[in-house]
Amino acid sequence: MTDWNKNADIEWAGLPVCIHRYEGQPAAKVAPIILYLRGSAFQQDGVRDRETPIGRVFSEAGSIVVEADYGAASGNLFPQAMECAFAALTYLSSNRKRFGSTRSPLFIAGDEAGGNVAAGVALKARDQLPGELRGQILLSPMIDPMMASKSFRRADEIGMREIWSDGWSHYLRSACGFQHPYAAPCLCSRLSGLAPALVVSSEDDPLHDEVVNYADRLEASGVSVRQKIFPKGAGWTGVYKGGQGNWMAGLSAEFKGFVETLSE
């Protein structure tokens, strides 16, 4: 028995999406709508039947989670993947009433490779949909294709170094290098004007250094940033393989606090 209501047969302009609503509690009158992009190191092969722990956290927190399968239509290549996700955001922006309310705040969220795409979409939304995106939620986003940070040396410990290396090579193979800011947001020279950000990592996360550096640069550019760094041993790095952990309650609290702050 499941608490999830999934409508996986919905498709927007060739982009499969899956709607997640948690039925264990009454829906908020103005529930946040989250466009969620899951990870898989730019190698996902379609929206899976099971929800991710991250998607469940957002849904149980009272949000309507719209998961877009940006990889299926794009082949997990840049710029197609980012453009697919941006098309989904544009659709949501114009059709909020279909999912919640015309007053529902719109967020974009992503973990790992999905966090990279989410960060790129947030940049494009600033440029082409100003004021439509209430916030961006970046959960250990893969944003540095150089993979040269001190913390990245721990990638071998959780068996991710080769996976991420292969993922970056695949994602960028049709692009002109990796200098485009939508492809590698950490290289973007203009971060001002972006939607407020909730940025999450952990002390033992191989992506810790690039994530924190990006959060610091956002803040230095005048973007409102809320950072959460889980302690070592909280199980956060398990998200790369769909694992749960003690971090789930903490992420829920951070997300709720983030939304409340933006509503003040």
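Above: the structure in question.
Read on for a plain summary of the structure. Each chain has its residues counted from 1, running along the sequence as written. The predicted nature of this model means local features are confined to residues of pLDDT at least 70 and side-chain atom pairs, given and counted, to a pLDDT of 80 or more, with totals for whole chains, interfaces and linings taken over all residues. To get the side-chain values, take all heavy atoms of the structure and skip hydrogens and water.

Let's talk about the packing of helix H3 (residues 80-94) against helix H5 (residues 113-128)
An axis is simply a line fitted to the C-alpha atoms; with a helix, the fit covers only the stretch in contact. Between two such axes, the angle follows the N-to-C directions and lies from 0 to 180 degrees. The way it works is that DSSP assigns letters per residue, a run of H or I at least four long becomes a helix, a run of E at least two long becomes a strand, and they are numbered from the N terminus. Relative to each other, H3 and H5 sit at 60°, their axes nearing to 9 Å. For the element pair H3 / H5, the angle class is oblique. Pair H3 / H5 crosses with right-handed handedness. Contacts between H3 and H5 involve Ala81, Met82, Glu83, Ala85, Phe86 and Leu89 from the former and Val117, Gly120, Val121, Lys124, Ala125 and Gln128 from the latter. Split by residue class, the contact of H3 with H5 holds 8 nonpolar, 2 polar and 2 charged. Angle categories are assigned with fixed cut-offs, so that under 35 degrees is roughly parallel, over 145 is roughly antiparallel, 65 to 115 is roughly perpendicular, and the rest are oblique. For any pair of crossing helices, the crossing counts as left-handed if the nearer helix is rotated counterclockwise from the farther one by less than a right angle, and right-handed if it is rotated clockwise. Contacts are assigned to residue pairs that have any heavy atoms within 4.5 Å of one another. All residues other than Ala, Val, Leu, Ile, Met, Phe, Trp, Tyr, Cys, Pro, Asp, Glu, Lys and Arg, Gly among them, are scored as polar; the first ten of these are nonpolar and the last four charged.

Things to note about the side chain of Arg96
Structurally, Arg96 can be placed in helix H4 (residues 96-99). Exposed residues in this analysis have more than 50% of their type's maximum accessible area, buried residues have under 20%, and partly exposed residues fall in between, with area computed by a 1.4 Å probe over protein chains only. Classification of Arg96 as buried rests on a relative accessible area of 13%. Not counting chain neighbours up to four residues away, the residues in contact with Arg96 comprise Ile33, Ser101, Thr102, Ser104, Pro105, Leu106 and Glu132.

Focus on unusual backbone geometry
Of the consecutive residues Phe78 and Pro79, the connecting peptide bond is found in the cis state with omega at 5°. Within the secondary structure, Pro79 is located in the loop between helix H2 (70-74) and H3. The backbone phi angle of Ser40 is positive, close to 90°, even though this residue is not glycine. Note on placement: Ser40 falls in the loop between strand E3 (33-37) and helix H1 (53-60). With phi around 50°, Met147 is a residue other than glycine that occupies positive phi space. Relative to the helices and strands, Met147 resides in the loop between strand E6 (135-139) and helix H6 (161-171).

Some points on the environment of Thr237
Looking at where Thr237 falls in the secondary structure, it is placed in the loop between strand E8 (225-230) and helix H8 (247-263). Overall, the relative accessible area of 18% leaves Thr237 in the buried class. For Thr237 and Trp247, which are 10 residues apart along the polypeptide, the C-alpha to C-alpha distance reads 9.8 Å. Apart from residues no more than four positions distant in its own chain, Thr237 is found in contact with Ile158, Ser202, Asp204, Asp205 and Pro206.

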